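Given next are the chains, with one letter for each unit.
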Amino acid sequence: MNVWENIKTTFRRGDALVKLIYVNAGLFLVLKVAVIVLKLFNQPGLPLYSWLAMPADPVALLHRPWTPLTYMFLHEGFFHLFFNMLCLYWFGKLFLTVYSERHLVGLYLVGGLAAGAFYALAFNLFPYYEPLVHASILMGASGSIMAVITATAFRLPNMEIRLFLVGGVKLKYVAIGAVAVSFFGITSHNGGGELAHLGGALTGYLFELMMKRGKDITAWPNRLIDRIANAFKPKRMKVKPGKANPHRKMTDAEYNMNKAKNMAEIDRILDKIKASGYDSLSAEEKRKLFSQGRN
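Residues numbered from 1 in each chain as written. Predicted model: local features only at pLDDT ≥ 70, side-chain atom pairs only at ≥ 80, totals over all residues. Heavy atoms only, no water.

Asks: Could you clarify how one ought to interpret the pairing of strand S3 (residues 160-163) in this entry?
Replies: Remark: a regular strand shows side chains that alternate across the two faces of the sheet. One ladder, built from four bridges, connects S3 with strand S4 (residues 167-170); its direction is antiparallel. Residue Ile-161 lies in a different strand from S4, and its bridge partner there is Val-169. (Pairing = 2+ DSSP bridges. Helix = DSSP H or I, 4+ residues; strand = E, 2+ residues; numbered from the N terminus.)

Asks: For this particular structure, what's the right way to read the nonpolar core?
Replies: The tendency in soluble globular proteins is for nonpolar side chains to be buried as a group. Grouped together as the largest cluster of nonpolar side chains are 50 residues, with contacts concentrated most on Leu-88, Phe-91, Phe-95 and Tyr-108. For this core, the secondary-structure elements that each account for two or more residues are helix H2 (16-40), helix H6 (78-95), helix H7 (101-125), helix H8 (142-155), helix H9 (171-183) and helix H10 (191-212). Of the residues forming this core, the biggest block, ten residues, is contributed by H7. If sequence neighbours within four positions are ignored, Leu-88 has contacts with Leu-17, Leu-20, Ile-21, Lys-93, Tyr-108 and Ile-145. In terms of nonpolar packing, the next biggest core, distinct from the first, is built from seven residues, Tyr-49, Leu-52, Ala-53 and Met-139 among them. (Core = buried A, V, L, I, M, F, W, Y, C linked by side-chain atoms within 4.5 Å. Buried < 20%, exposed > 50% of the residue type's maximum accessible area, 1.4 Å probe, protein only. Contact = heavy atoms within 4.5 Å.)

Asks: Explain the packing of aromatic side chains here, please?
Replies: Here a ring pair, both rings aromatic, is described through the centre-centre distance and the interplanar angle of the planes. Counting across every chain of the model gives 14 aromatic pairs. Measuring from ring centre to ring centre gives 6.3 Å for Phe-79 and Phe-83, while their planes differ by 25 degrees; the resulting arrangement is stacked. One end of the pair, Phe-79, and the other, Phe-83, are both in helix H6, four residues apart, so they sit about a helical turn from each other. The class of Phe-79 is exposed, set by a relative accessible area of 58%. (Phe/Tyr/Trp six-rings, centres within 6.5 Å; stacked < 30°, edge-to-face > 60°.)

Asks: Whenever I open this one, H2 confuses me. Can you help?
Replies: In an α-helix, one turn spans 3.6 residues; hence positions three or four apart end up facing the same way. Its 25 residues give H2 an end-to-end C-alpha distance of 36 Å, which sits within 8% of 36 Å, the value for a rise of 1.5 Å per residue. Taken together, the buried residues of H2 touch helix H3 (47-52), H6 and H7. Backbone nitrogen of Leu-17 and a side-chain oxygen of the N-cap are separated by 3.2 Å at the start of H2; the cap is Asp-15. Once H2 ends, the next one or two residues include Asn-42, with phi positive near 55 degrees. (Expected span 1.5 Å × (residues − 1). Polar contact = N/O pair within 3.5 Å; in protein donor to acceptor, adjacent residues only side chain to side chain.)

Asks: What should I look at first to understand the pattern of salt bridges in this one?
Replies: Side-chain pairing between opposite charges can occur once the charged atoms of the two side chains come close. Applying the stated criterion across every chain, the model contains one salt bridge. Asp-226 is paired through a salt bridge with Arg-102; the nearest N and O atoms lie 3.0 Å apart. Residue Asp-226 is located in helix H11 (residues 219-231), and its partner Arg-102 is located in helix H7; the two are separated by 124 residues in the primary sequence. We classify Asp-226 as partly exposed; its relative accessible area is 31%. (Salt bridge = Lys/Arg side-chain N within 4 Å of Asp/Glu carboxyl O.)

Asks: I would appreciate a short explanation of the packing of H7 against H10 in the present structure.
Replies: Geometry of a packed helix pair, given as the angle between the helix axes and the separation of the axes. Taken N-terminus to C-terminus, the directions of H7 and H10 make an angle of 135 degrees; their axes are 7 Å apart at the nearest point. Between H7 and H10, the angle is such that the two are oblique. Relative to H10, the crossing made by H7 is right-handed. Contact residues: H7 offers His-103, Leu-107, Val-110, Gly-111, Ala-114, Ala-115, Phe-118, Tyr-119, Ala-122 and Phe-123, while H10 offers Gly-191, Gly-192, Leu-195, Ala-196, Leu-198, Gly-199, Gly-200, Thr-203, Phe-207 and Met-211. Partitioning the contact of H7 with H10 into residue classes produces 13 nonpolar, seven polar and no charged. (Axes fitted to C-alpha atoms, helices over the stretch in contact; angles between N-to-C directions. Parallel < 35°, antiparallel > 145°, perpendicular 65-115°, else oblique. Left-handed = near helix turned anticlockwise from the far one by under 90°. Nonpolar A, V, L, I, M, F, W, Y, C, P; charged D, E, K, R; others polar.)

Asks: In this structure, what is going on with the packing of H9 against H10? I would like to understand it.
Replies: The N-to-C vectors of H9 and H10 enclose an angle of 145 degrees; their axes lie 8 Å apart at closest approach. Once H9 is placed against H10, the crossing between them reads as left-handed. Residues Val-179, Val-181, Ser-182 and Phe-183 of H9 form the contact with H10, whose own contacting residues are Glu-194, His-197, Leu-198 and Ala-201. Taken together, the residues that form the contact of H9 with H10 break down as five nonpolar, two polar and one charged.

Structural data, given as structure tokens:
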């Protein structure tokens, strides 16, 4: 089995977490190859990222309405992708110990959409970001990942994980630390990304809060995914049972099968006569015995 077959098998057999990582990595590789090919023909490749990244400018967003979805799978640099996927894997595994794969996919999507909305609203609401609105774009899965981290931390607050150079740390402190870092970074050069982190974190908290109340905010994206998937599945052919033709001549196989069935029934009736006498037969059994005697 070659490398490509191994990749396809791993993707097909993998859980939702593996599939999310594969989608992120796959899009990264496809875009990198596309940029290289375009450069070979002296064509700019960066517009591909702008076409998929989410703009803060409302007018640009109206012209690219797909970007609130595509941005959360988009990474320009290798280390940006690597560390995001590493965090998604770590915390996604913890999340799956208490929730289903459908919850993970749903929270990834809802968290990413909320993170993008939080970023766009803040950039258009606060005067500090006004000079940056027209040139700012958002890309990366970190908003979605923050939703997973926060939801897991609120569900398993006292679970300890071991961090390099730190040792054992409870999940609730990891989440608090991540939110604090993002809050104090909203006026940095990556202010848009930090705002998205806060939006994702808020979504993770709301997810856990609503789940305790019996409401699942990730149900609607999963229903939508199911509808899209079912739309592309081949429809099963329905065969209506037709009426048998009474005048059709039986095949040899059908004749032999019917004859064997009749003989088995006659044998049963004869055994009954031996055991209980002729008078024990029902009217239908007497009719069948009489009919067989005439054949």
